[in-house]
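Summary of structural features
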Amino acid sequence: MGRSYIVEDDVEEYLSKLCSQPAGPVTGLLIGQSSAQRDFVVMATRTPQNDESAAAGTSEYKEWVSEHARQVSRMLPGGLSVLGVFIVSESDAKDTLTTLRQLVFSVENLISSEQLWTPAEDDVTDCVTLHINPKTRKTVCRTFDVKDPKSVAKPADWKYQSGVCSSWATVSCWLSIDLLVPLPDSTTCTSNMDDCLKEELKVWAQQIERGVCVIDGKKLPEDSEIKTGQKNVRQTYTAQLLIAPEVQTVTDVVQRCGGCVSVRGAIHSRAFLHSNKPKAKLAEKLLKRDIISTVATRVHMLLEEPSTQNEQNKGRKQTEQFCLPRRVFCPVKGTGSLSVCDYQFSDEGLSEMTDRFKEMLDMEAAEDDLDATQEMIAEVIESETTAEASTEKVEPLDPWRNNYVGVAMATAVALLASAASMLYLSDV
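Now for a quick tour of the structure. (Residues numbered from 1 in each chain as written. Predicted model: local features only at pLDDT ≥ 70, side-chain atom pairs only at ≥ 80, totals over all residues. Heavy atoms only, no water.)

**Considering the environment of Y14**
Mapped onto the elements of the fold, Y14 is located in helix α1 (residues 9-20). Placed 31 residues apart in sequence, Y14 and T45 show a C-alpha to C-alpha distance of 8.3 Å. Of the polar contacts made by the side chain of Y14, one reaches the backbone nitrogen of R46; its length is 3.0 Å. (Helix = DSSP H or I, 4+ residues; strand = E, 2+ residues; numbered from the N terminus. Polar contact = N/O pair within 3.5 Å; in protein donor to acceptor, adjacent residues only side chain to side chain.)

Spelled out as structure tokens, the structure:
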């Protein structure tokens with residue numbers, strides 16, 4: 001028997017609107033949460049139009065859809081993920097099966113390439129594909145095991161239901177971040193900076209995964225249900241993540257590098273749990289993955305900024321400071337409890353964020369809908385004296401945290417100040 005997909009009624013309404021539009025084939029993403037018994041689909045969003053109008057099935061078309069999925073994945077808090085893809089097309093479902101299979105594998109490969117956490121044995125590896133005929137409104141739902149390159153299509157059950165996520169639980173926490181990531185020495189390292197940064201962030205991610213999660217002041221047994229009292233009432237919980245100090249050796253603190261990125265401050269993390277008897281183990285897993293994802297996303301977003309790249313290429317012997325983006329949440333209308341997020345740089349207004357929600361998630365959001373109170377914007381104070389001093393004086397190692405010190409070290413510091421962020425770059 002195939003998997004079952006319980007789908008929010010709003011998704012049916014959204015897909016029906018796409019069917020009524022006169023445009024040609026429409027591709028999009030299905031968003032929700034997986035569980036061992038069934039999956040829950042709570043959102044659907046069409047892929048933005050490609051100016052180059054790449055034909056379905058071409059490599060450009062797959063890259064466009066996959067990049068959209070990557071951007072959307074960054075905007076999803078813990079517990080929400082891209083479950084698969086859909087296509088609205090008058091073509092026969094059998095004729096689109098190959099295209100859907102290629103898309104779902106391409107999307108999963110790109111999204112998973114950015115994930116730094118360790119896969120769990122109970123992770124669901126089936127992704128869904130949905131074909132909808134706009135004239136007959138007939139839907140054909142199939143799944144593929146994306147971890148098996150030889151996977152064949154399996155039939156799946158697609159059921160619409162109202163209030164699918166109205167009573168989902170919310171678990172949130174604020175976490176102080178203090179990590180130092182070395183950058184490659186260009187004279188000795190042939191790897192690019194992104195690869196080196198990703199590998200070092202994985203070390204920090206493993207430390208987060210080993211942390212102890214306390215929910216509402218209690219360390220709950222893994223198999224205990226997180227929800228108590230009335231089952232159909234939305235409940236919220238506050239969690240704390242306790243990180244044990246690492247035992248350092250000589251190899252932990254000495255390595256040759258050409259610079260470093262130091263991320264400091266505090267972040268807000270949030271995870272949503274389905275109402276089908278969610279366990280404490282699931283809450284902990286989703287919250288930790290959200291912490292890892294939101295920090296890694298912000299660091300990568302900042303390093304992708306042209307201004308940051310220019311400072312890295314100048315080769316000046318100084319420390320530069322930049323603000324990392326802060327996390328802003330937006331409720332998903334019709335769900336009752338769910339929200340998505342975006343990242344706001346210091347030079348951006350809320351209107352730019354509402355534009356991105358429309359472009360990436362095809363959702364209407366007003367500035368008043370946005371919750372920008374969970375994280376504060378860091379204040380960047382320019383000081384040439386401080387910058388010059390930072391290249392001459394090395395900060396003593398803190399024995400209670402991971403430290404990576406390089407020979408002829410240049411420094412880049414990303415500060416998350418009260419859940420806002422800054423980055424200092426220095427080159428030797």
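And the narrative resumes.
**Some points on the packing of aromatic side chains**
All told, the structure shown has 4 aromatic pairs when counted by the stated rule. With 6.5 Å between their ring centres and 65 degrees between their planes, F105 and F144 make a pair best called edge-to-face. Taken together, the residues span a long stretch of sequence, with F105 in helix α3 (residues 93-112) and F144 in strand β6 (residues 139-145) at a distance of 39 residues. Assigned by exposure class, F105 and F144 land together as buried. An aromatic cluster is defined as three or more aromatic residues linked by ring pairs; in this entry it consists of Y5, W158 and Y160. The ring of F329 has R270 lying over it, and the distance from NZ or CZ to the ring centre is 3.8 Å. (Phe/Tyr/Trp six-rings, centres within 6.5 Å; stacked < 30°, edge-to-face > 60°. Buried < 20%, exposed > 50% of the residue type's maximum accessible area, 1.4 Å probe, protein only. Lys NZ or Arg CZ within 6 Å of the ring centre and 35° of its normal.)

**Focus on α3**
Taking 1.5 Å per residue, 20 residues should reach 28 Å; α3 reaches 27 Å between its end C-alpha atoms and fits that length. At T99, α3 shows its largest bend, some 30 degrees. Regarding α3, the residues found buried are A93, T96, T99, L100, L103, V104, F105, V107, E108 and I111. Residues of α3 that are buried make contact with β2 (26-34), α2 (59-74), β4 (81-88), β5 (126-132) and β6. Structurally, the start of α3 carries an N-cap: the backbone nitrogen of K94 is 2.9 Å from a side-chain oxygen of D92. (Expected span 1.5 Å × (residues − 1). Bend = angle between axes of the 7 residues up to and from the residue. Contact = heavy atoms within 4.5 Å.)

**Some details on the sheet that holds β4**
Read from one edge to the other, the open sheet built from 8 strands follows the order β7-β6-β5-β4-β2-β3-β1-β8, with strand pairing classed as mixed. The open sheet has two edge strands, β7 (154-155) and β8 (157-161), and neither has a second partner. Here strand β1 (residues 4-8) pairs with strand β3 (residues 38-46) via 4 bridges, running parallel. What sits directly across from S4, in β3, is R38. In the packing of α3 onto the sheet, the strands contacted are β2, β4, β5 and β6, and the crossing angle to β4 comes to about 155 degrees. (Pairing = 2+ DSSP bridges. Axes fitted to C-alpha atoms, helices over the stretch in contact; angles between N-to-C directions.)

**Examining the environment of C165**
Examined against the element boundaries, C165 turns out to sit in the loop between β8 and β9 (169-183). Expressed as a C-alpha distance, the spacing of C165 and G336, which sit 171 residues apart in the sequence, is 7.2 Å. Not counting the four nearest positions on each side in its chain, C165 is found in contact with E8, V42, T335, S337 and L338.

**A short note on unusual backbone geometry**
Even without a glycine there, the phi angle at D216 is positive, about 50 degrees. Checked against the element boundaries, D216 lands in the loop between β10 (212-215) and β11 (236-242). Its identity as a non-glycine residue notwithstanding, D362 has a phi of 55 degrees, on the positive side. With respect to the helices and strands, D362 occurs in the loop between α8 (350-361) and α9 (384-390). Owing to a relative accessible area of 22%, D362 belongs among the partly exposed residues under this scheme.

**Some thoughts on the nonpolar core**
Counting 43 residues, the largest nonpolar core has V171, I177, L179, W204, L273 and I291 as its most contacted members. Looking at this core element by element, the count peaks at 12 residues for helix α6 (residues 280-304). Leave out the neighbours within four places in its chain, and L273 touches Q33, W168, A169, V171, I226, P278, K279, L282, A283 and L286. In this structure, L29, L80, L100 and L361 belong to the second largest nonpolar core, which totals 42 residues. (Core = buried A, V, L, I, M, F, W, Y, C linked by side-chain atoms within 4.5 Å.)

Structural measurements only, silent on function.
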